[in-house]
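If you want the building blocks of each chain, they are given just below.
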Amino acid sequence: MTSMTRSLDRLIRPRSIAVFGGKEAGRVIEQCDKMGFAGAIWPVHPTRDEIHGRRCYRSVADLPEAPDASFVGVNRNLTIEIIRDLAARGAGGAVCYASGFREAVTELADGDDLQKSLVEAAGDMPILGPNCYGFINMLDGALLWPDQHGMVRIDKGVAVLTQSSNIACNISMQQRGLPLAYILTAGNQAQTGLCDLACAVLEDPRVTAVGLHIEGFDSIDALERLARRARELKKPVVTLKVGKSEQAQLATVSHTASLAGNDAVSTALLSRLGIGRVETLPELLETLKLLHLHGPLASFDISSMSCSGGEASLMADAGVKRKVVYRALHEEQRKPLREALGQMVTIANPLDYHTFVWGNREKQTEAFTAMMRGGYALNLIVLDFPRLDRCDASDWVTTCHAVIDASRASGALAGIVASMGENMPEETALMLMENGVVPFYGIEEALAAAEAAATIGALWEKPLPAPLVRAGTAAGEPVTLTEHEAKTALAAYDLPVPEGRVAENAAQAAEAAEALGFPVVLKGLGVAHKTEAGAVKLNLQTREAVLEAAAAMAGVASGYLVEKMVGRPVAEVIVGAMRDPVAGPVLTVGAGGILVELLEDSAILTLPTDDRAIREAISGLKIAKLLQGYRGGPPGDVDALVAAVASAASYVVSNASIVDELDINPIMVLADGDGVVAADALIRLRK
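Residues numbered from 1 in each chain as written. Predicted model: local features only at pLDDT ≥ 70, side-chain atom pairs only at ≥ 80, totals over all residues. Heavy atoms only, no water.

Chemist: What exactly am I supposed to notice about the nonpolar core here?
Modeler: Soluble globular proteins: nonpolar side chains tend toward being buried together. In this structure, Leu161, Tyr182, Val210, Leu269 and Phe440 are the most contacted members of the largest nonpolar core, which totals 105 residues. At 10 residues, the largest contribution of residues to this core is made by helix H16 (residues 443-461). If we skip the residues at most four places from it in the chain, valine 210 touches Ala159, Leu161, Ala198, Val201, Leu202, Pro236, Val237, Val238 and Leu288. Ranked by size, the runner-up nonpolar core spans 42 residues in total, among them Ala603, Ile614, Ile667 and Ala678. (Core = buried A, V, L, I, M, F, W, Y, C linked by side-chain atoms within 4.5 Å. Buried < 20%, exposed > 50% of the residue type's maximum accessible area, 1.4 Å probe, protein only. Helix = DSSP H or I, 4+ residues; strand = E, 2+ residues; numbered from the N terminus. Contact = heavy atoms within 4.5 Å.)

Chemist: How should I be thinking about the environment of glutamate 50 in this particular structure?
Modeler: Among the structural elements, glutamate 50 can be located in strand S3 (residues 50-51). Residue glutamate 50 is classed as partly exposed on the basis of its relative accessible area of 42%. Separated by 391 residues in sequence, glutamate 50 and tyrosine 441 have C-alpha atoms that sit 46 Å apart. Of the polar contacts made by the side chain of glutamate 50, one reaches the backbone nitrogen of glycine 53; its length is 2.7 Å. (Polar contact = N/O pair within 3.5 Å; in protein donor to acceptor, adjacent residues only side chain to side chain.)

Chemist: How do you make sense of the environment of valine 345 when you look at a structure like this?
Modeler: Turning to its location among the elements, valine 345 is positioned in the loop between helix H12 (331-341) and strand S16 (351-352). The buried category is assigned to valine 345, whose relative accessible area is 2%. When the C-alpha positions of valine 345 and serine 117 are compared, they lie 71 Å apart, and in sequence the two are 228 residues distant. What valine 345 contacts, discounting residues up to four positions off in sequence, is Arg338, Leu351, Asp352, Tyr353, His354 and Phe356.

Chemist: What am I meant to see in the packing of aromatic side chains here?
Modeler: Aromatic ring pairs are described here by two measures, namely the spacing of the ring centres and the angle between the planes. For the coordinates displayed, the defined rule picks out six aromatic pairs. Plain terms: the ring middles of tyrosine 353 and phenylalanine 368 are 5.6 Å apart, the flat faces sit at 80° to each other, and that makes the pair edge-to-face. Linking tyrosine 353 in the loop between S16 and helix H13 (361-372) with phenylalanine 368 in helix H13, this pair joins segments that are 15 residues apart in sequence. Phenylalanine 368 shares its class with tyrosine 353; the two are buried. With a centroid separation of 5.4 Å and 85° between ring planes, the pair formed by tyrosine 493 and tyrosine 651 is classed as edge-to-face. In this pair, tyrosine 493 is assigned in the loop between helix H17 (483-491) and strand S21 (500-503) and tyrosine 651 in helix H24 (residues 638-654), connecting sequence segments 158 residues apart. Judged by its relative accessible area of 26%, tyrosine 493 falls in the partly exposed class. An aromatic cluster of three or more residues is present, and its members are Phe71, Tyr97, Tyr133 and Trp145. Cation over ring: arginine 327 sits above tyrosine 376, and NZ or CZ is 4.2 Å from the ring centre. (Phe/Tyr/Trp six-rings, centres within 6.5 Å; stacked < 30°, edge-to-face > 60°. Lys NZ or Arg CZ within 6 Å of the ring centre and 35° of its normal.)

So, in structure tokens, the structure goes:
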């Protein structure tokens, strides 16, 4: 994908539209007419005289002027010709509908070459696709969209962007009360990626928040630019990043010709940039509703009220796996709640307010207001509507108005949660949105939205991160350093390593041991997996023990490393580095030693990093309990561990272009005040 050199404004907010092709081009005109597009529409067709009452032009050259936006719905070869003509005429941009480019390279040998030709033909004129439907702009009624959709004209709303045209179509049909300002598809992202598009819609003052369905990151530069601008404009961005499963990663490569990247790295990358992440499409839409109305949340503290103990339990259980906190009530809330609800109700959070005040707007408002005055970031009321075709919902409407009244009286943020999505009528959702109350479809989705909005809020409180490390890869074959060489390289960056000496033979090893002082560790050099090969002997107490151990390793080792034995650690930690295809070099910190595969307890740090981020990553590990002093055991030297991880990070950043792999396992974390020692290290470099 090439970088953009011209603004996308003319393309996505056009005053004139040209359409090329037959059936699909006709549908674009239909949709623009249906939605009241006020600008000029010019069909271009080689033989037809008119389409939907509009005169047809024969070519780009025949058009009255250079169009702002063009929908090119012709075959792939003709697409390239038209794009070249549009670029030469000074057009604002185009949607390339045709498939058969890079996404089809396994079936069509020329797909890759054609995509390159398309980008070359466009020059600095923005194009979307190929292999995409285009976009819907409901703020201006401009639709370069050859299909049905479920959207209506609005004055203000969110933008949703995806590579998948079908998912875009599905999102357009939502009945959740979400005001959709833009839906944009990027297809192959041959030239213009999702992040470029997101940056463009973010600048529209009528856009409140942006949602991205990402199959593969298009450009780290564009992603960083988007994150920075989102903060500046205080318009949050939330993503649904697919590609966790092996199947999804395979589908991504074949469907979009994008590089998926490692999923754990994706999470770390988005977190670094202050971009939210959710797991499902419903969660994305519910989060966007919350962000549209209220932006990021001030904290993870939430309250919950329902008229049933069963619903209160569902809310409590759903919160267990989330970062949201049902913070206890303040004392000053208890009295007004008791007065409003009576003696039979247990005052707690989540709160079951029973049905004593059901249908009583004044009493419900009193109770809801008392809860909302507790300083929570978001206050949720569970309310499932009855079927409107068979039941009377007047008492439910009363509860909605009580929530609105309480939110206004307290100045607090509120949401109404239907535990089952079908139990929230669309007209109710729209009414609640108009009154500043978020209508949430589903308990899990509501809590996911609260968590995502609070996460963005917390991340935005931190300083803007430094740009990610940019590092090309050296072309040479990877070379594995010996353990001694690796430790020497890391020690130069202040990583504590055991005192040690290299020996060519058993006699030299024994002499080195005596010089260092017993007990010692003996390791065979030139052995990748030392433990499995029997090339490690610990706690050797005498010269004879060293000679015997060296003789046992003679068949597999090319030499020996003799080191001072490290004392018993509080915990063992692994620090590793890998080169992610998207984020560049990244660091992994986790439970080390024999626990690496057993616990799968690790955190990813994107680079460069700092002590605060390192400390936060360590505190989130399962082995953090050991480091704090587990069951009466001594606490570990966490400050020394943070410094050691920082040393490893510094080494990787300084050698980013040549480091292929780093594995320090384990770092022995000694008791607090005693420091840490890197007991083993592996480095692979590209020279």
